[in-house]
Amino acid sequence: MMAPEDAFRLLADGLGKAGTPQAFDHLVERIASIFDGDHVLIGKVMSDGKTILTVAFWSQGSLQPAATYELAGTPCEHVLNDEICQFPDSLHEHFPDDEMLRELGAEGYVGVPLRAPNGQLLGLLALMSNRPLSLAAYAPEVLRIAATQAGAEMARRIAEETRRSSDRHIEQLIYWDSVTGLPNRRHFMERLQEACDQAQLQGKCLGLLYLDLQRFRQINDTQGHERGDLLLAEIAGRFGAQAESGEFVARLGGDEFMVLLTNTRPAAMAHAIERYRNSLSPPIQIADRSFSISASVGAALFPRDANNAQSLFQHASIALNHAKRDDSRTRFFNTNMADELHQREFLQLRFIEALNQGRLTLHYQPQFCLKSGKLSGAEALCRWYDDILGHVSPGTFIPLAEEQGLIRQLGDWVLDEACNQLHAWDALDKPFPGRLCVNVSAQQMDDPRLAEHVQRLATRVAPGRLGLELTESGLMRNPEQTVRITRALHDAGFGLAIDDFGTGYSSLTYLKRFAADTLKIDMSFVQDMLKSSHDHAIVATIIAMAETLGMQTVAEGVEEAEQAEALRELGCTGVQGFYYGRPVDGKTFADLWL
Ligand code: C2E
Ligand code: CA
Ligand code: CA
């Protein structure tokens, strides 16, 4: 049986062709090696739901041509109803009518379903052996990770095929929610805009209901996403059935729904709210369980509460927040609620002032090399202390800066200040030994000339002393542009790290093409890696994958010695977190670490 590190390394390699035509062939071959299996297949469920098409099939040392087989009476049929399905031996006795098994001579079987990132069942991955099958303890994790990536790959291919096959499908993808079949957010927003324009012309009223399911998140977390999706589909069906003429129902995402009522009045709106709410009264039966769901509702009226689509939406959302907060189930918007909006405007105003008057500061959090224990770098984190508002977290003001188009100005200031700090430490004769990293927001990546811009700003220090952290999601906004930007930055000598790595699906293909040298493992995995074998496996895979690609890894959010130890065992190169040191100002940093 293969050692876990080798298994995960081989798995990382097996996933390395994601996005290319060889992705599945390569993966089945590697899975066969990891488990010493005789046959490995990846199959796609055809549209009839009864047939499987093998998209990759490795059998006794070679790839087989594509084939189809009927699901009925095969072990694969069980896989689709299960998370992981095993028949360790005597396969023929369980499935006497399965011709293919007989031909292959398979004795043991394990299979996992493949799902799209949205949870939709797409196919399966099956491993067979001509001897009774005994699997290593890491097998479920390896198979699950392989299945997650293969599911994402399959979803991508299906989306690709769909895109090619017809324009109607494109509309389907863009305007409809795949879980519930309802119009999606984009669709709704366009309809809302049209309805407002029309109501304005005709002097009529529009009502907007913003519905949010109570307790849904909890149900989703405890019962699993599949049941969560079924529940959403059922609720969508009930809301849809309530829609009378002139009413438009949509799912915004998560557990949020919206109803647009054209040509309404406050009293009629109150009735409509009761109708939608009552439709949830009968408990919902999913499999063998029954769920009682209710909704909070925020309501706003055009033109009484708002005179355009955007503020109508915003006001319904504010009303909903009030409904959720004080446990009342329905709230109509009123002007007092708008105070909240004013607070936000106040925050925006103060932030612009702080940025323009140089009242932001940087703190620095040390990063260490796990092997030598030495300081290897630091991350610069922006801080804002306001005399009236107190400390405002970057989690609040960074999105604010993005919304207001100020992120470039902020980013420039951060880079400049980081260069100043390096000089200041040099002047104290306490030179900073490693790489000082600054965060680059996703929006800054929209600038095709970002690399030139950064170079112009950072002429005062050697590029090798600076690193840029780009989030995985930011990199994927426009991947081809990212490839160009990262290459230019790399060629200029800057360090490049991919931040919050592990939270996206689609990056494997591009990972090799982005010229980043470091993966920062997202804090959420690090913090749960000792409690959750799943998170542990993800961390192991990221590290193995980085090694294969010749990249460094920095684990973020390390808070305990045990986490550091586990990371060291997995071969992680760097660490950052409260266990080692919190972010502190430049002077304290020099006193503590330089
Ligand atoms: P990030 O880039 O993922 O930064 C790491 C965050 O994790 C920081 O939060 C840091 O204080 C926190 N952290 C570090 N070690 C630990 C730990 O052991 N446990 C826990 N619980 N947290 C830890 P912070 O400073 O609040 O920053 C939040 C986010 O704001 C950053 O996430 C980054 O996305 C953004 N940000 C901060 N400064 C800047 C900046 O100058 N520019 C841009 N574009 N974004 C920034
Ligand atoms: Ca960061
Ligand atoms: Ca991060």
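Residues numbered from 1 in each chain as written. Chains lettered and ligands numbered in written order. Predicted model: local features only at pLDDT ≥ 70, side-chain atom pairs only at ≥ 80, totals over all residues. Heavy atoms only, no water.

Visitor: Would you take a moment to explain the coordination of the calcium ion (ligand 2) for this structure?
Guide: Protein-derived ligands of the calcium ion (ligand 2) are Glu379 (OE), Asn439 (OD1), Glu469 (OE) and Asp499 (OD), with the metal-ligand distances lying across 2.1 to 2.3 Å. Between the donor residues of the calcium ion (ligand 2), the gaps in sequence give the motif E-x59-N-x29-E-x29-D. The distance between the calcium ion (ligand 2) and the calcium ion (ligand 3) comes to 4.0 Å, with Asp499 serving as a donor to both metals. Pair noted here: Glu379 is in strand 16 (residues 375–386) and Glu469 is in strand 19 (residues 466–471), with a separation of 90 residues, a long-range link. Owing to a relative accessible area of 1%, Glu469 belongs among the buried residues under this scheme. (Donors = N, O, S within 2.8 Å, 3.2 Å for Na, K, Ca; no water. Helix = DSSP H or I, 4+ residues; strand = E, 2+ residues; numbered from the N terminus. Buried < 20%, exposed > 50% of the residue type's maximum accessible area, 1.4 Å probe, protein only.)

Visitor: How should I be thinking about the pattern of salt bridges in this particular structure?
Guide: Between side chains of opposite charge, a pair can form when the charged atoms approach closely. Under the counting rule described, the total for this entry stands at 34 salt bridges. Between Asp447 and Arg408 there is a salt bridge whose closest N-O contact spans 2.7 Å. Taken together, the residues Asp447 in the loop between strand 18 (435–440) and helix 16 (450–457) and Arg408 in helix 15 (residues 407–427) connect sequence positions 39 residues apart. Members of the salt-bridge network, linked through shared partners, are Glu379, Glu469, Lys520 and Glu556. (Salt bridge = Lys/Arg side-chain N within 4 Å of Asp/Glu carboxyl O.)

Visitor: How should the side chain of Asp499 be read in this particular structure?
Guide: One can find Asp499 in strand 20 (residues 495–501). For the buried Asp499, no salt bridge is present, and the opposite-charge side chain at shortest range is Lys520, 4.6 Å distant. Asp499 has contacts with Asn439, Glu469, Leu470, Thr471, Glu472, Lys520 and Glu556, leaving out every residue within four places of it along the chain. (Lys, Arg positive; Asp, Glu negative; His and termini not counted. Contact = heavy atoms within 4.5 Å.)

Visitor: Is there a simple way to think about the site of ligand 1 in this case?
Guide: For ligand 1, the set of nearby residues contains 21 residues, the closest of which are Gln365, Arg383, Asp499, Glu559 and Phe578. At 2.7 Å, a backbone N or O of Phe578 approaches an oxygen atom of ligand 1. Look at ligand 1: alone it shows 800 Å² of surface, and the protein chains cover 81% of it. Mapped by element, the contributors of at least two residues to the shell around ligand 1 are strand 16, helix 14 (394–403), strand 20 and helix 20 (523–528). For the shell around ligand 1, the leading source of residues is strand 16, giving four residues. Of the residues contributing to the shell around ligand 1, the split by class is nine nonpolar, six polar and six charged. (Near = heavy atom within 4 Å. Polar contact = N/O pair within 3.5 Å; in protein donor to acceptor, adjacent residues only side chain to side chain. Areas by Shrake-Rupley, 256 points an atom, 1.4 Å probe, with all protein chains shown as cover. Nonpolar A, V, L, I, M, F, W, Y, C, P; charged D, E, K, R; others polar.)

Visitor: What am I meant to see in the packing of aromatic side chains here?
Guide: Both the distance between ring centres and the angle between the ring planes are used here to describe each pair of aromatic rings. Enumeration according to the criterion identifies 19 aromatic pairs in this entry. On the basis of an interplanar angle of 80° and a centroid distance of 5.9 Å, the ring pair of Trp384 and Phe397 is categorised as edge-to-face. Taken together, the positions of Trp384 in strand 16 and Phe397 in helix 14 put the pair 13 residues apart, joining distant regions of the chain. Accessibility assignment for this pair places Trp384 and Phe397 in one class, buried. Directly above the ring of Tyr175 sits Arg186, whose terminal nitrogen or CZ lies 5.9 Å from the centroid. Against the face of Phe578 rests Arg582, its NZ or CZ located 3.9 Å from the ring centre. (Phe/Tyr/Trp six-rings, centres within 6.5 Å; stacked < 30°, edge-to-face > 60°. Lys NZ or Arg CZ within 6 Å of the ring centre and 35° of its normal.)

These values are about where atoms sit, not about what they do.
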